[in-house]
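# Inside the fold
Read off the chains here:
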Amino acid sequence: MSAVLELRRVLKRFGETLGVGPVDFEVQEGEFLTLLGPSGCGKTTTLHIVAGLLHPDEGTVTLGGRDITRLDPQHRDMGLVFQNYALFPHKTVFDNVAFGLRMRKVAQSKIRDRVSRMLEVVGLPGVEARQPHQLSGGQRQRVALARALVIEPSLLLLDEPLSNLDAVLRKRMRHELREIQQRLGIATVFVTHDQDEAFEMSDRVILMNVGHIEQVATPEELYNSPTSRFAAEFIGEVNLIDGTVASLIGDSAVVEAALGGRYAARGDGGALGVGDKVLLMVRPERIGIETSPSANGEAVEATVANRVFSGNTLIFTLRTASGIELTASKPSTAQYRDIAPQSTVWLDLGDCRLLPRET
Amino acid sequence: MRAGGGIFAATLFTPITVLYLSFLLAPIGFFLVMSVFRYSPMELYIPAVTADNFVRLLGEEHYRNIIFRTLRIAALTAFFSLLLGYPLAYFLARTGSIWRGVLMFLVIAPLMTGVIVRTYGWIVLLGSEGTVNVTLMWLGLIDRPIKILETEVAVLVALVHILMPYMVFPLFSSLAGQDPDVERAAATLGAGRWRIFFEVTLPLSRAGILMGSALVFTLTAGAVVTPALLGGTKVQMLGQTIYDLVLSTLNWPFASAIAFVLVLCQFSIIFLYFKGGRRRAG
Amino acid sequence: MPDSNKTVPSAMHLKASSAAARYGMGFLITAIYAFLLAPVLIIVFTSFNPTNANTFPPTGFSLRWYGTFLETSGFTDAFRFSMWLGAIAAVGATVIGFLSAYAIVRFLGRRREAGQSLALLPVMIPHILISISLLLALTIVPFPELGGLIVGHIIICLPFTIAGITASLEGVDEQLELAAMTLGASRLRTLWEVVIPLIAPGLLSALIFAFIVSFGDVYIALFLSGPGRTTLPIEIFSYMQWESTPVVAAITTVQILMIVALGLVVERLVGLRKIMRV
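Reading guide: rules and limits
Residues numbered from 1 in each chain as written. Chains lettered and ligands numbered in written order. Predicted model: local features only at pLDDT ≥ 70, side-chain atom pairs only at ≥ 80, totals over all residues. Heavy atoms only, no water. Contact = heavy atoms within 4.5 Å. Buried area = accessible area lost by both parts, 1.4 Å probe. Salt bridge = Lys/Arg side-chain N within 4 Å of Asp/Glu carboxyl O. Helix = DSSP H or I, 4+ residues; strand = E, 2+ residues; numbered from the N terminus. Nonpolar A, V, L, I, M, F, W, Y, C, P; charged D, E, K, R; others polar. Axes fitted to C-alpha atoms, helices over the stretch in contact; angles between N-to-C directions. Parallel < 35°, antiparallel > 145°, perpendicular 65-115°, else oblique. Domains from an automatic or database assignment. Polar contact = N/O pair within 3.5 Å; in protein donor to acceptor, adjacent residues only side chain to side chain. Core = buried A, V, L, I, M, F, W, Y, C linked by side-chain atoms within 4.5 Å. Buried < 20%, exposed > 50% of the residue type's maximum accessible area, 1.4 Å probe, protein only. Phe/Tyr/Trp six-rings, centres within 6.5 Å; stacked < 30°, edge-to-face > 60°. Lys NZ or Arg CZ within 6 Å of the ring centre and 35° of its normal. Expected span 1.5 Å × (residues − 1). Bend = angle between axes of the 7 residues up to and from the residue. Pairing = 2+ DSSP bridges.

The subject of this paragraph is the interface of chain C and chain B. Contact with chain C, which involves 90 residues of that partner, is made by 79 residues of chain B. Of the roughly 7400 Å² buried at the junction of chain C and chain B (both faces included), carbon and sulfur atoms supply 83%. Scanning the region where chain C abuts chain B turns up 0 salt bridges. Residue contributions to the side of chain C that touches chain B peak at 16 residues, all from helix α1 (residues 2-46) of chain C. Considered class by class, the residues forming the side of chain C that touches chain B number 70 nonpolar, 14 polar and 6 charged.

We now examine the interface of chain A and chain C. Accessible area lost when the parts come together is the quantity often used to give the size of an interface. Contact with chain A, which involves 21 residues of that partner, is made by 18 residues of chain C. When the two sides are added together, the surface that chain A and chain C hide from each other amounts to roughly 1800 Å², 64% of it contributed by carbon and sulfur. Interface area lost by chain A to chain C is led by Gln74, His90 and Met103 of chain A, which between them contribute 29%. The tally of links between chain A and chain C comes to 2 salt bridges. A salt bridge links Glu193 of chain C to Lys91 of chain A, with the shortest nitrogen-to-oxygen separation between them at 2.9 Å. The biggest single contributor to the side of chain A that touches chain C is helix α2 (residues 93-103) of chain A, with 4 residues. Residue composition of the side of chain A that touches chain C, by class: 12 nonpolar, 5 polar and 4 charged.

The next thing to look at is the packing of helix α3 (residues 73-107) of chain C against helix α12 (residues 232-242) of chain C. Residue and element names in this part refer to chain C. The geometry of α3 relative to α12 is characterised by a closest axis approach of 7 Å and an angle of 150° between their N-to-C directions. The angle between α3 and α12 falls in the class roughly antiparallel. Counting all contacts with α3, which are made through Gly74, Phe75, Ala78, Phe79 and Ser82, the residues of α12 involved are Leu232, Pro233, Glu235, Ile236 and Tyr239. Per-class residue counts for the contact of α3 with α12 are 7 nonpolar, 2 polar and 1 charged.

What follows concerns the domain arrangement of chain C. All names here are of chain C. Segmentation of chain C into domains returns domain 1 (1-46) and domain 2 (66-276). If you average the C-alpha positions of domain 1 and of domain 2, the two centres end up 40 Å apart. On the side of domain 2, 5 residues touch domain 1, which itself brings 4 residues to the contact. Taking both sides of the interface into account, the surface hidden between domain 1 and domain 2 amounts to around 380 Å²; carbon and sulfur atoms contribute 80%. Looking at the side of domain 1 facing domain 2, the largest losses of area belong to Ile43, Val44 and Thr46, adding up to 85% of the total buried there. The interface formed by domain 1 and domain 2 holds 0 salt bridges in total. Across the domain 1-domain 2 interface, the total number found is 0 residue pairs in polar contact (both at pLDDT 80 or more).

This paragraph deals with the nonpolar core. If you look at the biggest cluster of nonpolar residues, it comprises 173 residues, and the most contacted ones within it are Leu19, Phe31, Leu88, Leu92 and Met112 of chain B. The leading source of residues in this core is α3 of chain C, at 16 residues. A domain-level breakdown of this core finds at least three residues from each of domain 1 (1-46) and domain 2 (66-276) of chain C. Leave out the neighbours within four places in its chain, and Phe31 of chain B touches Trp252, Ala255, Ser256 and Ala259 of chain B together with Leu129, Ile132, Ser133 and Leu136 of chain C. Listed in part, the 78 residues of the second largest apolar core include Phe88, Leu135, Leu162 and Val191 of chain A.

Time to look at the packing of aromatic side chains. According to the stated counting rule, one finds 28 aromatic pairs over all chains in the structure shown. Taken together, the aromatic side chains of Tyr86, Tyr90, Trp194, Phe197 and Phe198 of chain B make up a single cluster linked through ring pairs. Directly above the aromatic system of Tyr223 of chain A lies the positively charged group of Arg283 of chain A, at a separation of 4.1 Å from the ring centroid.

Residues and elements named next belong to chain B. Between its first and last C-alpha, helix α4 (residues 100-112) extends 19 Å over 13 residues, near the 18 Å set by a 1.5 Å rise per residue. At Leu106, α4 is bent by approximately 25°, the largest bend along its length, and proline Pro110 sits one to four residues beyond. In the stretch just after α4, Gly114 is the one whose phi turns positive, near 90°.

Residues and elements named next belong to chain A. Spatially, β2-β1-β4-β5 is the arrangement adopted by the 4 strands of the open sheet, whose pairing is antiparallel. The sheet is open, and its two borders are formed by β2 (17-28) and β5 (66-67), each paired with just one other strand. Pairing between strand β1 (residues 3-14) and β2: 8 bridges, direction antiparallel. Counted as the bridge partner of Leu5 is Val27 from β2.

Right, let's get into the sheet that holds strand β9 (residues 204-209) of chain A. Residue and element names in this part refer to chain A. If you trace the 6 strands from one edge of the open sheet to the other, you get β6-β7-β8-β3-β9-β10, paired in mixed fashion. Each edge of the open sheet is held by one strand with a lone partner, namely β6 (78-81) and β10 (212-217). Neighbour-to-neighbour, the strand axes of this sheet turn through a mean angle of 20°, independent of strand direction. Inspection of the sheet shows strand β7 (residues 155-159) paired to strand β8 (residues 188-192) by 4 bridges, in the parallel sense. Within β8, the position partnered with Asp159 by the bridge is Val191. Against the sheet, helix α4 (residues 137-149) engages β6 and β7, with an angle of about 165° to β6.

This is how it looks when you write it as structure tokens:
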């Protein structure tokens, strides 16, 4: 595996304000990489820098080893799908898809062939003669994808392409998009603010926040082992508990937690010393709930303050003796359905993760 | 600015910049500079700096009268255009009529026919055998035709007619841009029809009034054709005087001095407009 | 009961006064329209007048003045020259106006208002001043006077083409242009393939409107016309300074019909209001 695209120390300002950067990352061959983050985090700016629609103030962008930092978009070999698809309203589907091929001076006979083949790939055969306004949202999205892919770009760029679809279609398109991407084996950069999309589709996710990269990881790593409070809170539900480092064992630490007791926590303990303030992170579904105290007496005693039923899960709000509230989610099976509000339970916080405490 | 747009944008702006600089601003600048040069019947000008042109312009009663007449007619034209244009703009901005598009077109259409066409229309209407005189005689109000052409009234009426659309457009913009809820709010608070108009609608359309008045005033001040045809030699205005000076006596420096006064009027009007506008915003 | 007795007359009074206001307003508006349109309509009527005077009401119906118009080479030549000049000025003002409007909309960002105001400069300067200064420049710089007339007309048409095209460009999604560029189109190619087809009605309207402005102009032509390059308004102007027969009415009626027809086309395409910036 080698990198198709590399960004090194890329930085972009808008007037006085920092747009994005410095940003470093690379996209491997055939990889589906997602830029994930809240609006205004710089993910679209980063994508536009990759596409050449914006030129960075500092840093370099290389594609297949070639420096393209200052290259105009028309000379880059990339296919970009826009959020609103940006289909040319005055051209037929055929002319839309053929556009990039015509710009590359491909022979007319070959254009016809490649357009119809690509429309088949995206699951829309035979719509060449239609006008964009005659298509549904999902169909337009496929045409936009075909238009970006037909030029056989070395990189496919997707700018929130699913956000204008309805919920059902969005879910189906996730899988189709991923399936097409894998079939063609094309390196892809995908921009989204939706973590479900990012998780279901990506090989790797770049989590961005206020213009910089927060964490680069596979979806599983990002969920299980966030390295910052922002990453932990942006992705999924999380319980954060104040604590102090009591002792260090390799990468793990034993933490004196605010809710009483000491807990072993995985994490980047290397930079920490005994006595440092830290956060303990535990996902709601990783909290064990027992109706009787455990034999070793390590469990935390808590009262069920609230219980919400949401179909396949039960969400418990638990208050410990020290007054800290934790959220736990459990399958709505008989075992947990019987736990009534106001009853006393014992919590197992076995799967804790160590996070630096930001000042 | 998008990537690499700098050179492209500069290229796009080149034609208009060259055009405006070399065929609009530079010639006008040069022409106005001539106002301080000396006149020579043999040459275009003698490049010796002098205040003679301005001294003559302000010193001779004939020219002072022309300046005052021009300012008076310009002010009156702006005033009457406002008086007639405001109800029209208000009506167009508020009407729900399906004919609104047509009515709007009827305001713009006369503008497109050009100055000559409309001036000619007024000659037919106001002439000694014209519609106005014929009608007045038929009604028995007068015995023989009254002289309307070659009076200030004729020039004024025609100028109001010709320039009124320029008043209507800015007024319409500012009236149509008002949030109708503001008037409704005033009504729910107990304000009557006139009260609403004077306390809400009129103050909110101030920008349009200023813009329209400034536009009509300056366009009147520079009018040549209408005063020449309807006023003859009796109602001389500044624009016409410049025209005569250049084409008959070739006195460019003196024509330039008059043009300078014209531009000065215009700039003071624009200055007042922006000052008025800023006061409103502040 | 006494209360309800009180309210009834006042409500009726209110209704009556609002009806009176409505009729008053209706009368006023009708009168204003009559004032606006009377001079134009009177010309049309006068043009069919059989006698040799600008009288109204006409004493009969005749097409003799249209015949006179067609037989007077001074008028027909001027008419033809005005058409020719209008066409050239319209093309020039539309091309330059498009380039400028595109640059204003896409590249000026926050300075856009200022750019637009600068582009509209020629409406704010008295046209007589533009014309006289051009004449002066031409006496010094060796530039053909016909060129000066064309350039002058392009300058006075530009504010209108720019206003109209700017309004049309605002309806074009910038992402379409970015999409074209990422697909390999150069900036020029993008203009040609995407922008121009999308604003074609706006461009056609600008072309027509510029023609109308050029055709109706007196001020630029006042100083810059001459033998062989006399525009119709100037020919009429000089004619009217000496005599006044309904032949002028016949010519201007032809002009009015042409302009109203063209104006209706523009109205159909984009709406005149956009070009007048209202």
